[in-house]
Amino acid sequence: MWYPGHIKKAKGKIKTYLKTVQGILELVDARAPYASRAYEYDNLFMNKERIIVFNKVDIADESKLSFWKNYYKTKGYKVLKTSLKKVSVRSFLTKVVYKSFPKKFSELRVMVAGIPNVGKSTLINSIKGKKALRVGNTPGVTRGLQWISVNDQFMLLDTPGILYSEIYNKKILYKLILIGSLKPEEDEKEFAIEYGFNFFKEMYPNIIKNALKSDYMPEEYPEFLNLFAKKRNFITSGNNYDIERAINTFLKELSDGKYGKVVYDYPEDYDILK
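Residues numbered from 1 in each chain as written. Predicted model: local features only at pLDDT ≥ 70, side-chain atom pairs only at ≥ 80, totals over all residues. Heavy atoms only, no water.

As for the pairing of strand E4 (residues 108-113)
Then, in step 1: Most of E4 is tucked away, with five of its six residues classed as buried.
Then, in step 2: Relative to E4, strand E1 (residues 23-29) is paired through four bridges, and the arrangement is parallel. Bridge pairing links leucine 25 to valine 112 in E4.
Then, in step 3: Alignment of E4 against strand E6 (residues 154-158), held across five bridges, turns out to be parallel. Residue pairing across strands places valine 112 opposite aspartate 158, the latter belonging to E6. (Buried < 20%, exposed > 50% of the residue type's maximum accessible area, 1.4 Å probe, protein only. Helix = DSSP H or I, 4+ residues; strand = E, 2+ residues; numbered from the N terminus. Pairing = 2+ DSSP bridges.)

In structure tokens:
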């Protein structure tokens, strides 16, 4: 299952230990600034001060992010943009994030939250090392949650990835598969690629051309998959194109941003924003 039980448990722990933090640092994938908040954020975080970080802007089409940044600002959020794999994470936390939260106590405690594969591990692992602390007598530490010391005045509470228990909006489902935040069921992979192929063909044709290393534009996604397999020499023992391998390779490289910059989210995709 793509929605394992530990995510449900993580939500319970988040609500239980919310009182131990003064704010929430929500990481989203800049390629899907709306879809990558596919969890019950209002119910989970209530009235806590929240900052949204658009991560992976280095592989996002930044020209399409202005709407989303303004949208979240109108909702009362502070919005930051970064690429955690390209910057000094400790500097980003101390010089940007720390200064963006109001300080009501001598020590700032912030919960890091988000769906899988939006950069939480990159953020946490970049500052762990010898200065990381598993503080057993600090309120809020349980199995699966961990306090990380950024400096003497700033602590982060690491949390597992979270998602909705059911994602009924197929566009959101496919976008999460394309950015690598959701492990799809076998029958969902081709649907996601079909959605992505049609989207790229209209909005980002260079994604397809870069994946195929060719200026030729296939008419339909099955042709694209055959050409992709042929280009990579993915052949089965029966001398047929290995479409399964082509699908998995394409999805992995796409989620890594190897074919170009993209933003999947558009306001017209969601009735609530029309």
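Here the narrative resumes.
A few points about the sheet that holds strand E5 (residues 146-151)
Then, in step 1: Reading across the sheet, the six strands line up as E3-E2-E1-E4-E6-E5 and stay open at both edges, with mixed pairing between neighbours. The sheet is open, and its two edges are formed by strand E3 (78-81) and E5, each paired on a single side. Across this sheet, the average inter-strand angle for adjacent strands is 25°, counted without regard to direction.
Then, in step 2: The sheet contacts of helix H3 (residues 66-74) involve strand E2 (49-55) and E3, and relative to E2 the element is tilted by about 175°. (Axes fitted to C-alpha atoms, helices over the stretch in contact; angles between N-to-C directions. Contact = heavy atoms within 4.5 Å.)

A few points about the environment of isoleucine 14
Then, in step 1: With respect to the secondary-structure elements, isoleucine 14 resides in helix H1 (residues 5-16).
Then, in step 2: In this structure the C-alpha to C-alpha distance between isoleucine 14 and methionine 111, which are 97 residues apart in sequence, comes to 8.6 Å.

Here's the deal with the packing of aromatic side chains
Then, in step 1: Under the definition given, this model contains 24 aromatic pairs.
Then, in step 2: Their ring planes at 80° and their centres at 5.9 Å tell us that tryptophan 68 and tyrosine 71 sit as a pair that is edge-to-face. Placement of both tryptophan 68 and tyrosine 71 in helix H3 is noted, with a separation of three residues, approximately one turn of the helix.
Then, in step 3: With a centroid separation of 5.8 Å and 40° between ring planes, the pair formed by tyrosine 174 and tyrosine 195 is classed as tilted. Within this pair, whereas tyrosine 174 is found in helix H6 (residues 170-178), its partner tyrosine 195 is found in helix H7 (residues 186-203), the two being separated by 21 residues in sequence. A single burial state applies to tyrosine 174 and to tyrosine 195, both of which are buried.
Then, in step 4: One aromatic cluster is present, formed by Tyr34, Phe54, Phe67, Trp68, Tyr71, Tyr72, Tyr77 and Tyr270 through successive ring pairs.
Then, in step 5: Over the aromatic face of tyrosine 41 sits the side chain of arginine 37, whose NZ or CZ is 3.7 Å from the ring centroid.
Then, in step 6: One Lys or Arg, lysine 103, reaches over the ring of tyrosine 98 and ends 4.3 Å from the middle of that ring. (Phe/Tyr/Trp six-rings, centres within 6.5 Å; stacked < 30°, edge-to-face > 60°. Lys NZ or Arg CZ within 6 Å of the ring centre and 35° of its normal.)

As for the side chain of threonine 20
Then, in step 1: Here threonine 20 shows up in the loop between H1 and E1.
Then, in step 2: Exposure remark for threonine 20: the relative accessible area of 12% places this residue in the buried category.
Then, in step 3: Among the polar contacts made by the side chain of threonine 20, one reaches the main-chain carbonyl oxygen of tyrosine 17 at a distance of 2.7 Å. (Polar contact = N/O pair within 3.5 Å; in protein donor to acceptor, adjacent residues only side chain to side chain.)

What about helix H4 (residues 89-100)?
Then, in step 1: Within H4, the full set of buried residues consists of Val89, Phe92, Leu93, Val97 and Ser100. Along the axis of H4, the buried positions cluster into a sector of 95°, meaning they face one direction only. For H4, the exposed residues set more than 90 degrees away from the buried face come down to Lys95 and Lys99.
Then, in step 2: For H4, the elements touching its buried residues are E1, E2, E3, helix H5 (120-127), E5 and E6. (Arc of directions from axis to C-beta.)

What about the pattern of salt bridges?
Then, in step 1: Applying the stated criterion to the full structure yields 17 salt bridges.
Then, in step 2: Linking glutamate 26 and arginine 37 is a salt bridge whose minimum nitrogen-to-oxygen distance equals 3.1 Å. You can see glutamate 26 sitting in strand E1 and its partner arginine 37 sitting in the loop between E1 and helix H2 (41-45), a full eleven residues away along the chain. When sorted by exposure, glutamate 26 lands in the same class as arginine 37, which is buried. (Salt bridge = Lys/Arg side-chain N within 4 Å of Asp/Glu carboxyl O.)

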